[in-house]
Amino acid sequence: MSVSPVSVQPGRFLHEAAVYDSDDDLVDVVAPCLEASAAADDPSVVVLNEHEVDVVRDVLGRVGNVHFLPGLTASDRPAAVIGRLTATFDRLVARGAERVCFVNSVPHPGVGAAWDGWRRYEAAANVLFRDLPVRAICLYDRRATPADVLLDVERTHPRLATHAGDGHAGADIRGDHPGYLDPAAFLLSLAPEHDPLEAASPVVEVIEPTTAAARRVVREAAAGAGLLRAQVDELIIAVSEVVTNAMLHGLPPVTMKVWSSSDRVVLTVHDHGRGPSDPYVGLVPPSRAGTGQGGYGLWIVDQLVPVSYVRHDGFTVRLVGGRPLP
Amino acid sequence: MPGDHAYLAYADDEELRTVATGFLEECLELGQQVAYCGWGGADALRGYVDVVGRPDGRSRRGAVHVVSLDAYFRRDDVPDPATLVRFWSEATSAALAAGFTALRVVTDTTPWVQGERSRTEFLRTEHRVDRFLLKHDFTQLCAGNAQVLDEPALAEAGCIHPSSSGITLPFHLHASHDADFALEGELDAFTVPLFERIVQSARAGERSGELVIDCTEVSFVDHRSLLVLEHHAEEAGLRQVALRGASHGAASLVELLHLSRVRMEAVR
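This structure is a prediction, so every number in the text was calculated from the model and none was measured.

A. Spotlight on the sheet that holds strand β6 (residues 163-165) of chain B. Residue and element names in this part refer to chain B. Pairing is parallel in the open sheet, where six strands are placed in the order β3-β2-β4-β5-β1-β6. The sheet is open, and its two borders are formed by β3 (64-68) and β6, each paired with just one other strand. Neighbour-to-neighbour, the strand axes of the sheet open up by a mean angle of 20°, direction not taken into account. When strand β2 (residues 33-38) meets β3, the two strands line up parallel, connected through five bridges. Across the sheet, residue C37 finds its bridge partner in β3, namely V67. This element, helix α1 (residues 13-28), spans β1 (5-10), β2, β3, β4 (103-108) and β5 (138-145) of the sheet and lies at about 170° to β4. Packed on one face of the sheet, helix α3 (residues 81-97) meets β2, β4 and β5 and runs near 145° to β4.

B. Structural context of the state of the cysteines. Evaluated as defined, the whole model comprises zero disulfides over all chains. Summary of cysteine pairing: C215 of chain B is not part of a disulfide, and the nearest cysteine sulfur, belonging to C159 of chain B, is at 15 Å.

C. Representation of the packing of α3 of chain B against helix α5 (residues 116-135) of chain B in the model. All names here are of chain B. Contact geometry of α3 with α5 gives a least axis separation of 8 Å together with a crossing angle of 35°. Viewed along their axes, α3 and α5 form a crossing whose handedness is right-handed. From α3, P81, L84, V85, W88, S89 and T92 reach across to α5, where they touch E121, R124, T125, E126, R128, V129 and F132. Per-class residue counts for the contact of α3 with α5 are six nonpolar, three polar and four charged.

Each value, and the rule that gives it
- Residues numbered from 1 in each chain as written.
- Chains lettered and ligands numbered in written order.
- Predicted model: local features only at pLDDT ≥ 70, side-chain atom pairs only at ≥ 80, totals over all residues.
- Heavy atoms only, no water.
- Pairing = 2+ DSSP bridges.
- Helix = DSSP H or I, 4+ residues; strand = E, 2+ residues; numbered from the N terminus.
- Axes fitted to C-alpha atoms, helices over the stretch in contact; angles between N-to-C directions.
- Contact = heavy atoms within 4.5 Å.
- Disulfide = S-S within 2.5 Å.
- Left-handed = near helix turned anticlockwise from the far one by under 90°.
- Nonpolar A, V, L, I, M, F, W, Y, C, P; charged D, E, K, R; others polar.

Spelled out as structure tokens, the structure:
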């Protein structure tokens, strides 16, 4: 497999996915990108998991100007990663970089991470990074990646690096491949997903909870599920924000349901409104202008716990405490 | 018992009489002087405490007083902090000089809580009285008439006391031995206006460059409330607002919001 040399114009974000089949394949994808970047005296940013770093160690050793950020895991939050990457790219550009090569792999259920946040991240990247002179190559190991994730990868990346000769590699960003969807449309039409815990009856269901009652219910459920103190605190902040949003911006009645197991808590907050119209809600902070007291809610939630939004039959927010997946 | 400073939102005279009697009665046996301080003639006020110390007559002579505040203050003019603290300080000293172990009073503060401007001054003054209580042999139950005062007024008056009854409040702000003040309870999106007003009123006229808040008893604080403190610090020219003993969750929020003046101290 190869990713063809691409001339990246300053100020243009190129977002491509490379699904590799083997370790050799991974080297074939990464090496030309990093080498081309180094040859042009441009910086590269690498965010890979431990195994991937091992595989491409030789390549990394011979090219220069590579900036390493920690590999992403199931405990990373997309909104936080967007913040870190934006700061990194801005810093490199401020130092004079005309182009940045960004090689990364994104967590998914194959490595124990909830996918919903990361598929929103992949879709939103097309818009949130669009003014940055970055060529992003998102790596997915076909051997470990579920098929539905690969389908979303196609929908969220305008460019797909595929086996040489299939005609897709090197396609211009304006000539998006046919499976690519407009990011906003993709985000607003995500099909409802259910956590396996939701197959059983909830342990608690509260109609029209106050924020204080919602916090109390979640604190009790989290104590029974053996969550760490920090995880409990974060889940309580998250549910408080979500119930606040439903009360202030949704349509009644607001219903909260809680499920718990020995190491997880799953909860949903549903109202009859349409949910936030902003498809990228939660992924970037609001402006600090004005009183500075509004608009942070879902961005904070997104930083703390796995969250998913379902715009179907009203608006539902699902939060998970403890292990992201069963 | 130093620091015993409660607020009662009373529904009618009967409730006030019952609670006041219980509050004062419990310390008579400890050799304290007790007083009911209200508005109007002394004869009418005596009715609120006429059963205190009776029927067995165990209390010392001079142990039970009624005080008409009309003799000392105006109903439409809240005394400034120094004046009211001096009033209670002199009364406490007189009780101790007369051989009592402490002074315990019930004060009907209803007139001072009517009207937003008056209440702002009351909140400032009452917080100074709360500090005085911490270090002196003086305890007080402040009472507010729920037939006269609306709920926001009762909430503000109650929040500036360490405890309250007759009204459910999300949080309390009170004096602390080793911090500028302590917070207790839960702070979220729906308490922001109340919290903002209580903090500003309690801090009015303060000149220190740093504010230390004991948050050990805060069971929840949201980002909006932390932004209230950040903005207060900016407006009041405070270098720093230190949250002592706040939760891990509060620490996460301070970090996420990159607050420049709110700092964590001894996160629990």
